[in-house]
Amino acid sequence: MTIRLSLESEGRVHGRRFSGVEGLQKALLSKDVLLAEAYIEALLSMANGRQSGVADKTIVQDIIKRANTADLPALSILVAVLRSDAFRTH
């Protein structure tokens, strides 16, 4: 028996719409800081099981700096979230 689940592939972050993985990748590669912040905060929230707060802003900014110098920014964001103190100490 095969179970098929639908995947939400469209979204809006800070009023900006994107569609699919390619749309998200394009938005992240454009280095739109607001979108990158929202993406990182969402990852941190999912990883920690809580909303990102003021204390996480420094972590978010550090991850953005690392991603801006990386060849694969989306991958570097994910790795940085997993290595962050916010994730490791949760």
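What you are looking at is a predicted structure, and each value in this text was computed from that prediction instead of being measured. (Residues numbered from 1 in each chain as written. Predicted model: local features only at pLDDT ≥ 70, side-chain atom pairs only at ≥ 80, totals over all residues. Heavy atoms only, no water.)

Chemist: So what exactly am I meant to see when it comes to the pattern of salt bridges here?
Modeler: Pairs can form between side chains of opposite charge whenever their charged atoms are close. Per the counting criterion, the structure on display carries 4 salt bridges. Among the ionic pairs, Glu 10 bridges to Arg 17, the shortest N-O distance being 3.5 Å. Judged by relative accessible area, which is 43%, Glu 10 ranks as partly exposed. With a closest N to O distance of 2.9 Å, Asp 62 and Arg 66 form a salt bridge. With Asp 62 and Arg 66 both in helix α3 (residues 57–68) and 4 residues apart, this pair spans about one turn of that helix. (Salt bridge = Lys/Arg side-chain N within 4 Å of Asp/Glu carboxyl O. Buried < 20%, exposed > 50% of the residue type's maximum accessible area, 1.4 Å probe, protein only. Helix = DSSP H or I, 4+ residues; strand = E, 2+ residues; numbered from the N terminus.)

Chemist: Where do I start with the packing of helix α2 (residues 33–48) against α3 in this structure?
Modeler: When two helices pack together, you describe them by how their axes are tilted relative to each other and by the distance separating the axes. At their nearest, the axes of α2 and α3 sit 10 Å apart, and the two run at 120 degrees to each other. The angle between α2 and α3 places the two elements in the oblique class. Pair α2 / α3 crosses with right-handed handedness. Residue-level inspection shows Val 33, Ala 36, Glu 37, Ile 40, Glu 41 and Leu 44 of α2 in contact with α3, the latter providing Lys 57, Ile 59, Val 60, Gln 61, Ile 63 and Ile 64. (Axes fitted to C-alpha atoms, helices over the stretch in contact; angles between N-to-C directions. Parallel < 35°, antiparallel > 145°, perpendicular 65-115°, else oblique. Left-handed = near helix turned anticlockwise from the far one by under 90°. Contact = heavy atoms within 4.5 Å.)

Chemist: Is there a simple way to think about α3 in this case?
Modeler: Owing to its 3.6 residues per turn, the α-helix aligns residues three or four sequence positions apart on the same side. Between its first and last C-alpha atoms α3 spans 17 Å; for 12 residues at 1.5 Å apiece the expected length is 16 Å, and the two agree. The complete set of buried residues in α3 reads Ile 59, Val 60, Ile 63, Ile 64 and Ala 67. With its buried residues spanning 140 degrees around the axis, α3 presents them on a single face. Pointing more than 90 degrees away from the buried face of α3 are the exposed residues Thr 58 and Lys 65. Next to the buried residues of α3 lie α2, α4 (73–83) and α5 (85–88). (Expected span 1.5 Å × (residues − 1). Arc of directions from axis to C-beta.)

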